[in-house]
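# Secondary and tertiary structure notes
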Amino acid sequence: MSRISYDPSKPRLYLIGYRGTGKTTVGRLLAERIGWTFVDADVHLEATHGKSIKTIFAEEGEPSFRDKEAQNLLDLSNRECCVIATGGGIVGREANREVLHATGFTVWLTADATTIADRIQADPTTTERRPNLT
């Protein structure tokens, strides 16, 4: 396995990618391997606001959710020695991309469409916690 080099002045590793590409799974394994903490940004956001992402979308709409997501990223960007699995849409805003670039190293995870669909369908929390893909 190759080693990941990182800039110690940016002690964060962000995992980005579509829903179902393995950000949480890879993030947990990677954090354990390098001795850092792991945070799932979606779980952190839900805990902060006391409701699921699906509920935030339904009650407040996507723009409100995206504002909360951006603030969540800013909060997490202050943690050190941390692997952060971001939400699938985090890169949709330029300001979020700037935070990712300025505060850590970003890795884009990918998977083919069939694999993503299979993983989403197999995840029992998807329908409870996430809005439908459009």
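See the structure above.
What comes next concerns the included structure. (Residues numbered from 1 in each chain as written. Predicted model: local features only at pLDDT ≥ 70, side-chain atom pairs only at ≥ 80, totals over all residues. Heavy atoms only, no water.)

For the rest of this paragraph, the subject is helix H2 (residues 41–49). Residue pairs spaced three or four apart in an α-helix point in one direction, given the helix's 3.6 residues per turn. Among all positions of H2, only Ala 41, Asp 42, His 44, Leu 45 and Glu 46 are buried. The backbone nitrogen of Asp 42 lies 2.9 Å from a side-chain oxygen of the residue at the head of H2, namely Asp 40. Taken from the residues just after H2, Gly 50 is the one with a positive phi, measuring 70°. (Buried < 20%, exposed > 50% of the residue type's maximum accessible area, 1.4 Å probe, protein only. Helix = DSSP H or I, 4+ residues; strand = E, 2+ residues; numbered from the N terminus. Polar contact = N/O pair within 3.5 Å; in protein donor to acceptor, adjacent residues only side chain to side chain.)

To continue, consider the side chain of Arg 12. Looking at where Arg 12 falls in the secondary structure, it is placed in strand E1 (residues 12–16). Although Arg 12 is buried, it makes no salt bridge; Glu 80 carries the closest opposite charge, 4.6 Å away. A polar contact of 2.7 Å, which involves the side chain of Arg 12, links it to the backbone oxygen of Ser 77. Side-chain polar atoms of Arg 12 contact the backbone oxygen of Arg 79, separated by 2.4 Å. Look past the residues within four positions of Arg 12 in its chain and what remains in contact with it is Trp 36, Leu 76, Ser 77, Asn 78, Arg 79, Glu 80, Cys 82, Ile 84, Thr 103, Gly 104 and Phe 105. (Lys, Arg positive; Asp, Glu negative; His and termini not counted. Salt bridge = Lys/Arg side-chain N within 4 Å of Asp/Glu carboxyl O. Contact = heavy atoms within 4.5 Å.)

All right, on to unusual backbone geometry then. Positive phi, close to 50°, is recorded for Cys 81, a residue that is not glycine. Positionally, Cys 81 belongs in the loop between helix H4 (62–76) and strand E3 (82–85). Assessed through its relative accessible area of 35%, Cys 81 is described here as partly exposed.

Tracing the sequence through the fold places Asn 72 in helix H4. Within the structure, Asn 72 has its side chain in polar contact with the backbone oxygen of Ala 41 (distance 2.9 Å). Residue contacts for Asn 72: discarding those within four places in its chain leaves Ala 41, His 44 and Leu 45.

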